[in-house]
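The primary structure of each chain is shown beneath.
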Amino acid sequence: MNIEEMTEKLQEVITKAFMMAKDMKNPEIALEHVMKALLENDDIQSLLSKVKVNVNKLINICDLYLNRLSTIDKIQDPS
């Protein structure tokens, strides 16, 4: 996937997901990182609010799954 061909908004979401994974010390970007980054986007929040979706509840669910992901700190040395 060529990031230069993505829309600016999508680039922002992917970058935010990457930074979220890095800050949480996750070794890779998971679907939950992307989902939370999307849910925290103002345009997406506005759209979901119009169809009566509880965005905060979805963000909390994402957080539950993100907290279960492995982190660099949890990966043990095999020796």
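Every chain is numbered independently, its residues counted from 1 as its sequence is written. Thresholds applied to this predicted model are a pLDDT of at least 70 for local features of residues and 80 or more for the giving and counting of side-chain atom pairs; totals over whole chains, interfaces and linings are not thresholded and use all residues. To get the side-chain values, all heavy atoms of the structure are used, and hydrogens and water are removed first.

1. Concerning the pattern of salt bridges
Throughout this description, the term salt bridge denotes a Lys or Arg side-chain nitrogen within 4 Å of a carboxyl oxygen of Asp or Glu. A complete count under the given rule lists 4 salt bridges for this structure. Taking the shortest distance from any N to any O, the salt bridge between Lys-36 and Glu-40 comes out at 3.8 Å. Take Lys-36: its relative accessible area is 15%, and that puts it in the buried class. A salt bridge links Lys-36 to Asp-63, with the nearest nitrogen and oxygen atoms 2.6 Å apart. On the criterion of sequence distance, the pair formed by Lys-36 in helix H2 (residues 31-39) and Asp-63 in helix H4 (residues 55-66) is long-range, its members being 27 residues apart. Three or more residues are tied together by salt bridges with common partners; here these are Lys-16, Lys-36, Glu-40 and Asp-63. For the exposure calls, accessible area comes from a 1.4 Å probe over protein chains only, and a residue counts as buried if that area is under 20% of its type's maximum, exposed if over 50%, partly exposed in between. Under the scheme used here, helices are H or I runs from DSSP no shorter than 4 residues and strands are E runs no shorter than 2 residues, and both carry numbers assigned from the N terminus.

2. A short note on unusual backbone geometry
One non-glycine residue, Lys-25, adopts positive backbone phi at about 60°. With respect to the helices and strands, the residue Lys-25 is situated in the loop between helix H1 (8-23) and H2. Lys-25 gets classed as partly exposed once you look at its relative accessible area, which sits at 43%. The phi dihedral of Lys-52 is positive, around 65°, even though this residue is not glycine. By the secondary structure assignment, Lys-52 is in the loop between helix H3 (42-50) and H4. The exposure class of Lys-52 is exposed, given its relative accessible area of 75%.

Fair warning: the whole summary comes from geometry, so function is off the table for now.
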